[in-house]
Amino acid sequence: MLQDDMLALPMTTDAGGMGDFGSPAPLDMGGPLDMGSPMDMGAPAPMGMGGDPAPTTNLSGKAKAAIVVRLLLNEGADIPIEDLPDELQMELTQQMGKMRLIDRDTLYAVAGEFAGLLDNVGLTFPNGLAGALTAMDGRISRQTASRLRKEAGVRQFGDPWERLKALPPEDLASLAEAESIEVAAVLLSKLDTAKAAQMLVHLPGPVARQITYAVSHTSNVTPDTVDRIGLSLAGQVEARPDLAFETTPGQRVGAILTEAAAAKREEVLTALEEEDEEFATDVRKSIFTYGLIAQRMDPLDVPKLMRVLAIPELVTSIAYANTPEDRATSEFLLDNMSSRMANNIREEVGEKGKVKRADGETAFGLVIGAMRDLINTGEIELKSDEDEDEE
């Protein structure tokens, strides 16, 4: 709410010396909004405390903008002034430096005029082509966006560091390894502490130590240098070609073979090993079978699987398990669910008898499918090969 005392900003009588801040007009998308002409937006003429027109005609648009900004700052509002172009930030600051005191009538009049302008705004558009491209990010092709930026000379990134901070830790580690130690140190310094720690995990030990030591030499790095480094790194990320598949070939084949019958899976793997042993190894790492559940799943996640898995499917799987790995998984699941549920399942397995191969493999597939759904939604996370090695 407005304070009763006068605002600590001065009224200037220089109506046209500073011009007006540019802002979107309701009809002319590219035209400036003259804050000294409230009727342009259909707003009522501001009135003074006594009912007479308020004395705002001697104020320039920039003076009014300075009054509004000062008032909002006084009220504790968090205004993203830093998002304005540098020129406007300078002009606003210079305007505020020229002013001294604003009487109460003028303050109320300017605030009322500003509120009237806001009431008449029905829709706002991004600020210029750069803002439009940001708003359309992901909705137009990268080729179109790049062409527009090149033709208009628009900077590729508003804040390149926001783009970099969103990258997975392994991608950041790859960027750091490809750059000099000094650049990698700046990258590490700009990341959130958690993301920086994750990035170090994916770096070789000697490289991680060199980068962390190099952070001690970043005290005199200028903001302009940090910005240029960010633009360069983000440009490398954007220059990567679009890939048709998000997963590796080994992961794709592994996912297919996971759903295949065991006999066909082994047949294909044997043939792959004869053709390309390295590729076959990648495929095997991506295959997930019923027998691997006990090795890769966290015991605490078993109840989550039980909530989405139909009991008959689990009963059939346990009854069909006939290899040491499969039986180990069955015991793993039974040991980590409630004792009452485990006893009931054991009774049903005993009554089930022998299970046909087709029915057993179908049940295995349903159990694995339920687990993969939980993995895809992020509810559970499997142990990695590194985790297994540590154990």
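Quick notes on the rules
- Residues numbered from 1 in each chain as written.
- Predicted model: local features only at pLDDT ≥ 70, side-chain atom pairs only at ≥ 80, totals over all residues.
- Heavy atoms only, no water.
- Helix = DSSP H or I, 4+ residues; strand = E, 2+ residues; numbered from the N terminus.
- Buried < 20%, exposed > 50% of the residue type's maximum accessible area, 1.4 Å probe, protein only.
- Lys, Arg positive; Asp, Glu negative; His and termini not counted.
- Salt bridge = Lys/Arg side-chain N within 4 Å of Asp/Glu carboxyl O.
- Contact = heavy atoms within 4.5 Å.
- Axes fitted to C-alpha atoms, helices over the stretch in contact; angles between N-to-C directions.
- Parallel < 35°, antiparallel > 145°, perpendicular 65-115°, else oblique.
- Nonpolar A, V, L, I, M, F, W, Y, C, P; charged D, E, K, R; others polar.
- Core = buried A, V, L, I, M, F, W, Y, C linked by side-chain atoms within 4.5 Å.
- Arc of directions from axis to C-beta.
- Expected span 1.5 Å × (residues − 1).
- Phe/Tyr/Trp six-rings, centres within 6.5 Å; stacked < 30°, edge-to-face > 60°.

A. Expanded view of the side chain of Lys195. When you line up the elements, Lys195 lands in helix H9 (residues 193-201). Although Lys195 is buried, it forms no salt bridge, and the closest oppositely charged side chain is Asp192 at an N-O distance of 6.7 Å. Among all residues touching Lys195, those that are not within four sequence positions of it are Lys165, Ala166, Leu167, Pro169 and Leu172.

B. Quick peek at the packing of helix H1 (residues 61-74) against helix H2 (residues 86-98). Where H1 contacts H2, the two axes come as close as 9 Å, and the packing angle between them is 85°. By the criterion of interaxial angle, the relationship of H1 to H2 is roughly perpendicular. Residues Lys62, Ala63, Ala65, Ala66, Val69 and Arg70 of H1 lie in contact with H2, whose contacting residues are Glu91, Leu92, Gln95 and Met96. Grouping the amino acids of the contact of H1 with H2 by side-chain chemistry returns 6 nonpolar, 1 polar and 3 charged.

C. Spatial organisation of the nonpolar core. One finds Tyr290, Ile293, Leu305 and Leu333 to be the most contacted residues of the largest nonpolar core, which totals 29 residues. Of all elements in the fold, only helix H16 (302-308), helix H17 (311-320), helix H18 (324-335), helix H19 (339-352) and helix H20 (357-376) reach the threshold of two or more residues within this core. The element that contributes the greatest number of residues to this core is H20, accounting for 6 residues. In contact with Tyr290, not counting residues within four places along its chain, are Ser317, Ile318, Ala321, Asp326, Thr329, Ser330, Leu333, Phe364, Val367 and Ile368.

D. Spatial organisation of the packing of H1 against helix H3 (residues 104-119). Packing of H1 against H3 leaves a shortest axis separation of 10 Å and a crossing angle of 95°. If you check the angle between H1 and H3, you find them roughly perpendicular. Across the interface between the two elements, Lys64, Ile67, Val68 and Leu71 of H1 pack against Leu107, Val110, Ala111, Glu113 and Phe114 of H3. Looking at the contact of H1 with H3, its residues break down into 7 nonpolar, no polar and 2 charged.

E. Geometry of the pattern of salt bridges. Applying the stated rule across the entire model yields 10 salt bridges. Across the pair Glu267 and Lys264 runs a salt bridge whose closest N-O atoms are separated by 3.3 Å. In this pair, Glu267 and Lys264 are both assigned in helix H13 (residues 262-275), 3 residues apart and thus about one turn of the helix distant. Take Glu267: its relative accessible area is 49%, and that puts it in the partly exposed class. Glu273 is the salt-bridge partner of Arg284, the closest N and O atoms lying 2.9 Å from each other. Here Arg284 is found in helix H14 (residues 277-286), whereas its partner Glu273 is found in helix H13, with 11 residues between them in sequence. Judged by relative accessible area, which is 35%, Arg284 ranks as partly exposed. Here the salt bridges do not stand alone but share partners, grouping Glu266, Glu273 and Arg284 into one network.

F. Up close: the side chain of Glu113. One can find Glu113 in helix H3. Overall, the relative accessible area of 2% leaves Glu113 in the buried class.

G. Looking closely at the environment of Asn336. Inspection of the secondary structure puts Asn336 in the loop between H18 and H19. For the pair Asn336 and Pro299, spaced 37 residues apart in the sequence, the C-alpha separation amounts to 6.0 Å.

H. Focus on helix H7 (residues 169-178). Pro169, Leu172, Ala173, Leu175 and Ala176 are the residues of H7 that are buried. With its buried residues spanning 160° around the axis, H7 presents them on a single face. Residues of H7 that are buried in the fold lie against helix H6 (160-165), helix H8 (181-190), H9, helix H10 (205-214) and helix H11 (223-238).

I. H11, seen in detail. Taking 1.5 Å as the rise per residue, H11 with 16 residues should run 22 Å; its terminal C-alpha atoms sit 22 Å apart, in good agreement. Taken as a whole, H11 has its buried residues at Val226, Ile229, Gly230, Leu233, Ala234 and Val237. Mapping the buried residues of H11 onto a view down its axis gives an arc of 125°, with all of them on the same face.

J. Inspection of the packing of aromatic side chains at higher detail. All told, the structure shown has 2 aromatic pairs when counted by the stated rule. Look at Tyr290 and Phe364: their rings are 4.2 Å apart centre to centre, the planes differ by 10°, and that puts the pair in the stacked class. Separated by 74 residues along the polypeptide, Tyr290 in the loop between H14 and helix H15 (293-296) and Phe364 in helix H20 bring together distant segments of the chain. Exposure class is identical for Tyr290 and Phe364. Each is buried. By the ring-pair criterion, three or more aromatic residues cluster together here, those being Tyr290, Tyr320 and Phe364.

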